[in-house]
Every structure is written in structure tokens, then in C-alpha cells.
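Examining the three-dimensional arrangement
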Protein chains: 2
Amino acid sequence: MATVASDTCATPQPSVCHRVPPLLTDLYQFTMAYAYWRADRHNEHAVFELFFRDNPFSGGFSLFAGLSDCLLFLRDFRFTDEDVEYLRTVLPSNTHPDFFTYLKGLDSSAVSVSAVAEGAVVFARVPLLEVSGPLAVVQLLETSLLCLVNYASLVCTNAARFRLAAGPKLRLMEMGLRRAQGPDGGLTASRYTYIGGFDLTSNALAGRLFGIPVAGTIAHSYVTSFSSLEEVCPKTLVPLRGGDPIELVPLVKDWLGRVCQLLGANLQQVREGELAAFLSYAIAYPCNFLPVIDSYSVRSSGLPCFCAVALALCELQYQPLGVRLDSGDLCSQSLEVCNVFRQCSKHFSVPAFESLIIVGTNSVSEKSLSELKKRDNEIDVVGVGTHLVTCTSQPSLGCVYKLVEVGGQPRMKLSEDPEKSTLPGKKAIYRLLDADGHPQMDLICLSEEPAPKMGQPLNCHPLGLVNAVQSITPAHVTSLRLEVFSHGKIMCPLSSAYASRIHAQTSIQALYAHHKKLEGPESYTVAVSERIHSLVSDIRRGNS
Amino acid sequence: MATVASDTCATPQPSVCHRVPPLLTDLYQFTMAYAYWRADRHNEHAVFELFFRDNPFSGGFSLFAGLSDCLLFLRDFRFTDEDVEYLRTVLPSNTHPDFFTYLKGLDSSAVSVSAVAEGAVVFARVPLLEVSGPLAVVQLLETSLLCLVNYASLVCTNAARFRLAAGPKLRLMEMGLRRAQGPDGGLTASRYTYIGGFDLTSNALAGRLFGIPVAGTIAHSYVTSFSSLEEVCPKTLVPLRGGDPIELVPLVKDWLGRVCQLLGANLQQVREGELAAFLSYAIAYPCNFLPVIDSYSVRSSGLPCFCAVALALCELQYQPLGVRLDSGDLCSQSLEVCNVFRQCSKHFSVPAFESLIIVGTNSVSEKSLSELKKRDNEIDVVGVGTHLVTCTSQPSLGCVYKLVEVGGQPRMKLSEDPEKSTLPGKKAIYRLLDADGHPQMDLICLSEEPAPKMGQPLNCHPLGLVNAVQSITPAHVTSLRLEVFSHGKIMCPLSSAYASRIHAQTSIQALYAHHKKLEGPESYTVAVSERIHSLVSDIRRGNS
């Protein structure tokens, strides 16, 4: 690509757009907080868990993301006087005035969080975040935390699926900002699709804030803004290795004639404006020449113009980069374009034409990427926008935030819809690996239980199977969550986008192929310990 | 609903989340700007148009939204020194240093915009925004403007469709923040779904910033946080019309026994925690009692508990509000619940039970709303989250931003894909109405053409039909766009959410029913003038 920032590991910075004001939450958090406060229960110690019930996109896994944003939100959690005055106008008029004083003094200094690492592979029903602290405060955090995790994890998982569909070699560029669900949606998408496995973004702010490599050259509007070679200015270029400036218009015209002859193209059908646009861009950025070639007609105008300008650049020792295709059948066009490059290379003895790249950008979806991988093509970089950033096939992840313990007592929602029931109690989560290091099972235990030991068999109850008992002997055991926030302080270094990307890719790499199949994956086992199983039975019977 | 802010017409304020930094754009805007600058074309006067090619959701119309955000973005458009220093690190190393000085000095003082009003009904292919000014500057605005209009218009249109599906009477509440595509997506959704026809939002920040009525009471976690009546504190309530505080626990227990007897419910199956939660909330907010009743079982526990607490409130002269159902078949449950309310009203002689409301919130989609409208039900308020805010059936609107004139000369993109071609030249847009005031056709003319006159026949060319000519005699003619930004200044009052909502509803009201059918609408005619038709033909022949 024309312009790529170095893959530096930038320190993540909270952006203007990512500062989440604590008032960005549902009103009922305040009515509930008031009711707790009124009943003097607001400082009871409570534990909430954040999890989702199904992997998105009918997939076999997900990536967890959004943690850094959650931590910055928690650190800064404090209502402004204006927030509280607003609440005074919308809460019922009989709300006790002292409650507003209480709200003004609230912060996260009594809140603790344990969480899965940013970018880790995770599965449905596994609690990803555990938030504990005073009942009213941790209740007030619900909506914002859900909002920060849901989309980040969704779009990160989507990107990982695009990467699996594309295979490891194709370079993937995110370019969805204009179609994203708002400016912040666009910025979040750029950040988390990079973590999910994309290589580049078009989004300049994401480059600055998160150190993601950025890329881009020209749009159709640039091409159509030119109508004649007279608009080219300056008209000369100094060869790469020095010397007198060379007049490019006659040189390019000469090359155009030779190219048209070679390709059997009609010189009359070549758009002078397109030639002028390409030439002008090449003079501005002679080392970064990669135009979009379908503003008029690829075959009749865009491709001959590109070849003429690129051959002139080569004559001046510059290496043109390639072309972008933005419409039509990308595979077949890439073959045709590549064939023309080879013809030129051979006919004009320009080996530089062998290493030109082809960028394809035309409503690419996960499905079209999978198809592209199966078909002959010569595409080197694929740009993806809408389907990636808006997650067309499932535009939301259904993370929920459920109370599991209060005042030291386990709590459980026993819905008539069994899928909506929750698992009670404060927990520890373990990932059990087999001898080859592949994840075999995630095991949910009560936090007071001893951790499973490697090499020792244990009985557990896989979720989703009624009364099933499974015995397993893990070769390795890892604890899935870490303490990341305690007493108002962030306890871990905020992971850079680059580091999270590495973690995500390593994490996906470790999965068995059958768990990461894009269609019809085998479901990964998530189980609960015998202790949790009994606790659930007790509560269902009304004994707890 | 429990808590509703007044429908005041608040002055819109730019929120933290809505400040769009100008670096939130695609990198290629800068490489193009540089190429224009290098060719000394950056100050050429250029005109861009923003439009979409298809109405979303296979619908017959759209609502235009996002204008206020665009205007605030334009007014504040200026790169920071940090932005420019970042660009210096990512643009090719041979970028001339004076270009960065140029970027530092850029603002919108030479930019003008004409636009359709916020909330107006619009149609595919009609240019909604026209942005003119120095070529490099108006090019740099592209991505941010698209990002601000695309999602706002999409979600506003989605809300209008939900409103049409629901009919005029059902109250609609937006509650999608936790499932939105990021925090800003959630805030944008709350704002524009209100404009599209929703009545309420759960989003407190949206209430504060945009004056939207907010609502909400309690979640399941509140209910499950209680396990015993001992947790109820305080345990007394003063009757509405004064008197001694009344002990509520015995009163409610008494009512519960009578309710169970009336309904044939088993007192043993009633969850004491649920009763305690409802009672505690009722004591905190006796005028705003509206609990969620499906934490355990609606029939065995939630509904008897509600009735008991509500009857106790009635005895103390308070008016309970109603219940919320969050799972299962909302229609059939609402009938059952309403039937119980009538039984209680009759049996206990409590007329207040006749006016209890039922709120339904369970993955409501446009389709399920349409079905709900057809079925018997007693639902008064529907809360909608995921499907509304993420626009599940089409999560992005494809607005594009195309160059139509530069240096006084019309420009056109002539793609091999005819759908991707653009209409050249600076334009004026008229809406032609029939004698009843219904929109008949949108007519796109060159700005230099005289406006169509009422009562005078004219010939035009409907888009999407090859070589079709249509004659029309408009009864009324309105100009669809206004000058909203000129020389760096906002030229119109920023419309409040409330005013835009009124405009949207009036605008939809005026449409013929066949244009606003949710499925299989008749397509509305958008036509170009004969002058534009000839200009396109000239350019296609290469004559312009």
C-alpha cells in the first residue's frame, strides 16, 4: 500500500470519543440505586458477571475485547454536578435529596474487577468480567460496561472470522469508517478489527491513537476532478537517482501509445482526465503510485493509463506499487490485470511490473472472501468496509450482566426460559488444555473451590446438556481471568492494540480446527463444577 | 412509565461523544489533498454531493438525519498540531513540508453547504447535502460527513418504520444502549429514534443532552438481589393523603393471601425475595410502581407479588403504574395479566387496577411489532433494543459523497456499473406536490435552471428508467434544500430533537400510503430535468 505507518507498539490513549460519561446508562440504574439506598442496601457487597449466551455469527468461538475501555471508564467513574442536577429533574419528585448528595460522592474506589485478557478466545456462558463492590455502584456500571464490551468483542470476532476466511497470507485492510454506526463505531471498529487479525486501516485517527498501520491513496473523485493533461502541474519529475527534471506529459503519451498498441486498446477511448489524474498523483508521490483504475472503464482507460504512467515512472527508476479495483468481479479482473502486467513486463523488459500489487475493494463479505480464496485470483490486499464494521450477519452481541452474589449469598435468576437463567455464586474460571496445549474445556467453579490440578481427573457438568456428567483429566490448567481493577485503580498495563493482536492470533492458533470452522463448528465444552451444579439444584428447589 | 421527563424542547448541545475530530477520516483524503496542493489545484472551487442509492430496509422512503452533527463538525473543523505531526509520520517521506503548514491553517471558512432539513422524508438518488468550497478542503470533509449522516439517517428511518408498524397509539421506548455499536452508537440511536417516532428512551445521557423523555424502573438483578422480607427497609409508608406510617409487610402478606386465593395460586410457590423486592421498590417510589414480573415465574410468583403490593399501595391511596414483561409470548401474557387485573379490580373493588399499564420488552423487531398489532393484546408500551438500534435487517446506509463540479465544470463518474454513475453539475432540488399536498416527485435540476412553476407542465426524465420522458404539472413546488452553512458559519438554528421529531412525523404524514408501505412499497419518482439529461448524454459521449 502507498502509505503504511510502522507497526509500532503505541501506548493506547483514551480518545475523545472513547471517554464514556457515566450518565450514558439506562435510567433504571438510578431508580434501582435509589431503592437500594432507600433500603440501606447500597453498600452491601455484590458480585455481577458479564457473559454472552451464544457465540456470534453461529460460530464456535469469540474474542473478548473492550477491556481497556472498561478500565478507563471505571477509573474515571464519577458523576458531574450537571449530571446529578439533571437526574434531580427526571427521578420521581419524592426522591430523597440526600440521594443526590450520595451520587455526587460516588466513585469506583470500592470496585474490583477480574477479567479475561483483551483479545483472548472465549466461549458462550463463560463469565468474562466479574465486577464486585457496593451493590448500588456495581449496578450503576452495568449498561456502560455492556456497551463497551458488546461491540468491541463482536467486531473483533468478526475480523477474526474474515482472517480465517482469507487465510494467513492475504493482507486485509479495514476501511469502514464511513459506513460505521457513528463516528465512535468507526473508531472502535478500526481498533478491534486490527486486534482480530486485520493488517491495516484507512482510519487516520485510529492510526494516531492506537498505532495501527494506516493506508490509502486516491478515490474516484480525485480521478474525475481532472479533465485534461493541461491540469497536470508540475509537469516534470527528477529521476530517483538524480539528474535533470524530465518532462512527463510527452513521455507518458508516448508510453500510452505503446501500451495501447500492445494491448490492442483504442487510444480514443482513453480518458485524458484519468491519465492526467494518474500522472499528477505520480508526480506528487512517485514512490507510492497505486491508483484506483475503475472510474471509467478498467480495460479501455484505467489500465492503459496506469501502465503508461507506471512505465514512465519505471523509466525514471521509480517502483510503482500497483492498482486498486473497486467494482465488478474482483477475481477475474485481477487475473486480467495481472496478465497485462506480465505482458508489459515482458514486452517492455520492465521487471518492476512483476511485483505490482492488486488491491480489491468491493463490498467484500466473509462469504465473498471465502469464495475468493477458492477461486484463481491475483489479489494481494483486500479492503473491507460495511460487512466488517457493521457485522451485517449479526450486528449485536448479547452480553448480559447478572447478579450472582449479594451479601455473601449466591443469587440466581430462575427464568421460565431456561436459557435466561444464570449461574449463582462468585466464581473462578479455568481453561483445561490437552497434552498438545489445545483448549479442551472451560470449567466454571466457585471461587472458594480448589483449582483443578493437572493430571488429576475431575467430574463436571457440561452446560447445555441436562444432567450430563463428564470426567476429564486436564494435561494443563490455566486460570482464565486476572484481577485487573482494584480499589479504584487499574492493576494491569493497558494492552496496546499490537500486543492484543498478537495475543488474539496466538489464542486462535491454539484452538482445534473443528472449533474454529466458520460454518458448522463443533461446539466447545463449557462445564460447571459439581459444587455449582448442586448449588443450582438447591436454588431451583427453593433451598437457598 | 415510572419516570418521564417533560417533553421540553431542549437546546441541542454537542456532547463529548459527538465531537468528531477531523482526523477521524480516511488517510487517502490527505494523500489526495496533498496531490491537489502539489498541483496547485487545492483552492479550485469544487462541489460535492451526498446521497444514497437505495432506500434502506427495501422501503419506499427514508428520513434524513445527522445535519446538526455535520454543522458542528464543520464549524469546528481544524487540525491540531498533534494531528499534523502524526500525519507527517505517516504520509510518504517526500511530502513537501509546506503542505503540513497548509494543513495547520485549514478551516471551513470557505465552505458552504446546502441541505435538506433534519427529519425530512427523502428518497434514493436525491442529493441531500451539497458541499462546496476549495477542492482539497471539501475532499477532506468526505468521510466524517458520511459517517455522521449514514447511521443517523439509517436508525431514524428504522424508528419511523417501527412507528408505522406499531400504529400511532402504542407508546414506543428505545432501550438499546447496551447492544449498540459502541457508546456513541447508543447515544446517536437514542437521539434519532426519538426523531423517527419513538416516545421515550432509557438512555439518561440522551435525556440530558437532547431533552428526550426518559423512563425506566427496575431490572431482574434488583429482584434477585432480595431473598427475604427481612431485607425490606424502611418497612412503613405514609398514606398519600397523610396520616400515620403504615406497616407494610403484614399488609402485603395479607393481600398476597387474598390474591392467591382469588387466582388459585399456590402461596408456597411465591418467591419471598420477589415480594420483598417489589415492596421495597414500592416504598422507595410509591407513585412509580412498575416492576418487571418475570424474574422467576409470572403466573406463580411475579403477578401475585405485583398484585399484593399494588393492592397495598391502593389501600394507601397510591396509584400503581403497571408491570413489565421481558420474556415469553408478550401478547398472550398481556391478556392473562390484564385479565388478572380486571379480576382484582372487580373482586377487591379497586378501580385503579383498570388503568394499570403493561410494558413489553423481549427482542422486539419490526416484524414482531407488526404481528403484535394484528393479534389481541393489552400492551401499552413496547421497549425496543437490539433490532432498533443496530438496524439488524440492514445495519448500514450506503450514502456516498461525489464530486459533481470543479472549477465551474460539471464532473461525473462513469462507472462500468451504471448504478455507480453520478449526476454532474451543481443542482437545485424541488419536491413537486399534487393538489392535496402529497409529494408526487422529486425533481433534480441544474442550479442555474429556473425553478418549476406551479400549474405549469414540464418534461423530465425519471431515474432508473432508460430514456423515459414524463410530463408533470405540479400543483405546488417546494425547494428541498436550504443554505445551512456559509463561510464557516452555521446559517440556521440547530433543530432540537423535539422539533425534528415533529418535522419527521409531519413529513411522513404527507406521504401517500403506497409510498410508506413497509413491504413492497410503490417506488416514488425521482427525475432529472431535461438539461441534466442532456449534460449526462454529452459527458457519456465524451463531449464535456
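Residues numbered from 1 in each chain as written. Chains lettered and ligands numbered in written order. Predicted model: local features only at pLDDT ≥ 70, side-chain atom pairs only at ≥ 80, totals over all residues. Heavy atoms only, no water.

A look at the side chain of Asp326 of chain B
Heads up, the condition is: Secondary structure elements follow DSSP: runs of H or I no shorter than four residues count as helices, runs of E no shorter than two count as strands, and numbering proceeds from the N terminus. Pairs of N or O atoms are called polar contacts if they sit within 3.5 Å, as long as, within protein, a hydrogen donor faces a hydrogen acceptor (for residues adjacent in sequence, only side-chain-to-side-chain pairs). Contacts were defined at the residue level, with two residues in contact if any of their heavy atoms lie within 4.5 Å.
Within the element layout of this structure, Asp326 of chain B appears in the loop between strand S10 (322-325) and helix H13 (330-347). Engagement of the side chain of Asp326 of chain B in a polar contact is seen with the side chain of Thr361 of chain B, the distance being 2.9 Å. Apart from the residues lying within four places of it in its own chain, the contact partners of Asp326 of chain B are Lys420 of chain A together with His220, Val292, Asp294, Thr361 and Asn362 of chain B.

Some thoughts on the relation of the copies chain A and chain B
Note the cut-off: Here the copies are superposed with least squares, the fitted atoms being C-alpha atoms of residues at a pLDDT of at least 70 in both.
When chain A is fitted onto chain B, the two copies agree to an RMSD of 0.0 Å after a turn of 180° and an axial shift of 0.0 Å. Accordingly, the operation relating the two chain copies is best matched by a two-fold axis.

Remarks on the UniProt feature "domain: Nicotinate phosphoribosyltransferase N-terminal" (unreviewed entry) in chain A
Put simply, the test is: UniProt positions are given in the numbering used here, feature names are shortened, and annotations may be inferred rather than shown by experiment.
In the numbering used here, UniProt assigns the "domain: Nicotinate phosphoribosyltransferase N-terminal" (unreviewed entry) feature to residues 23-150 of chain A. Between the C-alpha atoms that bound residues 23-150 of chain A there is a distance of 18 Å. The span itself is 43% helix and 17% strand.

So, helix H3 (residues 81-90) of chain A
Operational definition: Using a 1.4 Å probe on the protein chains alone, a residue whose accessible area is under 20% of its type maximum counts as buried, one over 50% counts as exposed, and one in between counts as partly exposed. The arc in question is the one traced by the directions running from the helix axis out to the C-beta atoms.
Three or more residues of H3 of chain A are buried, namely Asp83, Val84, Tyr86, Leu87 and Val90 of chain A. Along the long axis of H3 of chain A, the arc covered by the buried residues comes to 160°, so they all point the same way. The inward-facing, buried residues of H3 of chain A abut helix H1 (27-38) and helix H4 (97-105) of chain A together with helix H8 (204-210) of chain B.

Here we look at the UniProt feature "domain: Nicotinate phosphoribosyltransferase C-terminal" (unreviewed entry) in chain A
In this structure's numbering, the residues bearing the UniProt feature "domain: Nicotinate phosphoribosyltransferase C-terminal" (unreviewed entry) are residues 426-535 of chain A. When the span residues 426-535 of chain A is considered, its composition is 22% helix and 36% strand, and the gap between its end C-alpha atoms is 12 Å.

Concerning the domain arrangement of chain A
Many structure descriptions define interface size as the accessible area lost when the parts assemble. All names here are of chain A. The condition that has to hold: For the domains described, the bounds stem from an automatic or database domain assignment. Summed over both partners, the accessible area (1.4 Å probe) lost when two parts come together is defined as the buried area. The term salt bridge refers to a pairing of a side-chain nitrogen on Lys or Arg with a carboxyl oxygen on Asp or Glu at a separation within 4 Å. Basically, the charged four are Asp, Glu, Lys and Arg, the nonpolar ten are Ala, Val, Leu, Ile, Met, Phe, Trp, Tyr, Cys and Pro, and anything else, Gly included, counts as polar.
Looking at chain A, the domain boundaries give domain 1 (27-159 + 394-540) and domain 2 (166-389). On a C-alpha basis, the centres of domain 1 and domain 2 stand 45 Å from each other. Taken together, the 20 residues of domain 1 in the interface contact 19 residues of domain 2. Here domain 1 meets domain 2 over a buried area of about 1600 Å², counting both sides, of which 56% is carbon and sulfur. Summed over the three residues of domain 1 that lose the most area to domain 2, namely Tyr151, Ala159 and Arg501, the buried surface amounts to 35% of that side. Counting every contact that joins domain 1 to domain 2 gives two salt bridges. Across the pair Asp199 and Arg501 runs a salt bridge whose closest N-O atoms are separated by 3.1 Å. The interface formed by domain 1 and domain 2 holds 11 residue pairs in polar contact (both at pLDDT 80 or more) in total. Of all the elements in the fold, those that place two or more residues in the side of domain 1 that touches domain 2 are helix H2 (67-75), helix H6 (142-166) and helix H16 (497-510). In terms of residue class, the side of domain 1 that touches domain 2 is made up of 11 nonpolar, six polar and three charged.

Regarding the pattern of salt bridges
Counting across every chain of the model gives 48 salt bridges over all chains. Linking Glu85 of chain A and Lys104 of chain A is a salt bridge whose minimum nitrogen-to-oxygen distance equals 3.5 Å. Residue Glu85 of chain A is located in helix H3, and its partner Lys104 of chain A is located in helix H4; the two are separated by 19 residues in the primary sequence. Residue classification places Lys104 of chain A among the partly exposed positions, given a relative accessible area of 31%. One salt bridge in this structure joins Asp329 of chain A and Arg375 of chain A, with 3.1 Å as the shortest N-O distance. Of the two residues, Asp329 of chain A is situated in the loop between strand S10 (322-325) and helix H13 (330-347) and Arg375 of chain A in the loop between helix H14 (366-374) and strand S12 (381-384); the sequence distance between them amounts to 46 residues. Among the residues examined, Asp329 of chain A registers a relative accessible area of 33% and is labelled partly exposed. Residue classification places Arg375 of chain A among the partly exposed residues on the basis of a relative accessible area of 40%. When salt bridges that share partners are traced, they join Asp26 and Glu142 of chain A together with Arg178 of chain B into one network.

Overview of the sheet that holds strand S5 (residues 129-134) of chain A
Residue and element names in this part refer to chain A. Our working rule: Following DSSP output, two strands are said to pair if at least two bridges run between them. Orientation is described by axes fitted as lines to C-alpha atoms, over the contacting stretch for helices, and by angles from 0 to 180 degrees between their N-to-C directions.
Ordered in space as S14-S13-S1-S5-S3-S20-S21, the seven strands form an open sheet in which the pairing is antiparallel. The sheet is open, and its two edges are formed by strand S14 (409-410) and strand S21 (489-490), each paired on a single side. The pairing of strand S20 (residues 481-486) with S21 spans two bridges and is antiparallel. Bridge pairing links Ser486 to Lys489 in S21. Lying on the sheet, H2 is in contact with strand S3 (112-116), S5, S20 and S21; it crosses S20 at an angle near 25°. Taken strand by strand, H6 contacts strand S1 (45-51), S5 and strand S13 (400-406), and its axis lies near 135° from that of S13.

Description of the interface of chain A and chain B
Counting residues at the interface gives 114 residues for chain A, matched by 114 residues for chain B. Buried area between chain A and chain B, summed over both chains or domains, comes out near 9500 Å², and the portion from carbon and sulfur atoms is 58%. On the chain A side of the contact with chain B, Arg178, Gln181 and Tyr285 of chain A bury the most area, a combined 9% of that side's loss. Joining chain A to chain B, the criterion identifies eight salt bridges. Where Asp83 of chain A meets Arg208 of chain B, a salt bridge forms, and the shortest distance between an N and an O atom there is 3.2 Å. For the side of chain A that touches chain B, the element with the most residues is H1 of chain A, which contributes 10 residues. When its residues are assigned to classes, the side of chain A that touches chain B shows 56 nonpolar, 35 polar and 23 charged.

Overview of unusual backbone geometry
Omega for the peptide link from Cys233 of chain A to Pro234 of chain A comes to -5°, which places this bond in the cis form. Within the element layout of this structure, Pro234 of chain A appears in the loop between helix H9 (220-224) and strand S8 (236-237).

Considerations on the packing of aromatic side chains
To describe a pair of aromatic rings, you give the distance between the ring centres and the angle between the ring planes. The test is simple: Pairing of aromatic rings covers Phe, Tyr and the six-membered ring of Trp, with a centre-to-centre limit of 6.5 Å; geometry is then stacked below 30 degrees between planes, edge-to-face above 60, and tilted otherwise. We call a charge positioned over a ring when the NZ of a Lys or the CZ of an Arg lies within 6 Å of the ring centre and within 35 degrees of the ring normal.
A full pass over the atoms with the stated rule returns 45 aromatic pairs over all chains. Ring centres 5.1 Å apart and planes at 85° place the aromatic pair Trp255 of chain B and Phe348 of chain B in the edge-to-face group. Separated by 93 residues along the polypeptide, Trp255 of chain B in helix H10 (residues 248-263) and Phe348 of chain B in the loop between H13 and strand S11 (357-360) bring together distant segments of the chain. Phe348 of chain B matches Trp255 of chain B in its accessibility class, with the two residues each being buried. By way of ring pairs, the aromatic residues Tyr34, Tyr36, Trp37, Phe99, Phe100 and Tyr102 of chain A together with Tyr222, Phe226, Tyr281 and Tyr285 of chain B are connected into one cluster. The ring of Phe226 of chain B carries Arg41 of chain A above its face, with NZ or CZ at 4.1 Å from the centroid.

Points about the sheet that holds strand S17 (residues 458-462) of chain A
Backbone hydrogen bonds are what pair the strands of a sheet, in a parallel or an antiparallel way. Residue and element names in this part refer to chain A. The strand order across the open sheet formed by six strands is S18-S17-S22-S16-S15-S19, and the pairing between neighbours is mixed. Of all the strands in the sheet, just strand S18 (470-472) and strand S19 (476-479) have a single pairing partner and so form its edges. The average angle at which neighbouring strand axes cross in this sheet is 40°, direction not considered. Looking at chain direction, S17 and S18 are connected through three bridges and run antiparallel. Within S18, the residue paired with Cys460 across the bridge is Gln470.

Focus: the packing of helix H11 (residues 272-284) of chain B against helix H12 (residues 298-315) of chain B
Residues and elements named next belong to chain B. Short version of the rule: For any helix crossing, the convention is left-handed if the near helix is rotated counterclockwise from the far helix by under a right angle, and right-handed if that rotation is clockwise.
Contact pair H11 / H12: the axes reach a minimum separation of 9 Å and the direction vectors enclose 35°. At the point where H11 passes H12, the crossing takes the right-handed sense. The segment H11 lies against H12, with Glu274, Leu275, Phe278, Leu279 and Ala282 engaging Ser301, Gly302, Cys305, Phe306, Ala308, Val309 and Leu313. Among the residues forming the contact of H11 with H12, the class breakdown is nine nonpolar, two polar and one charged.

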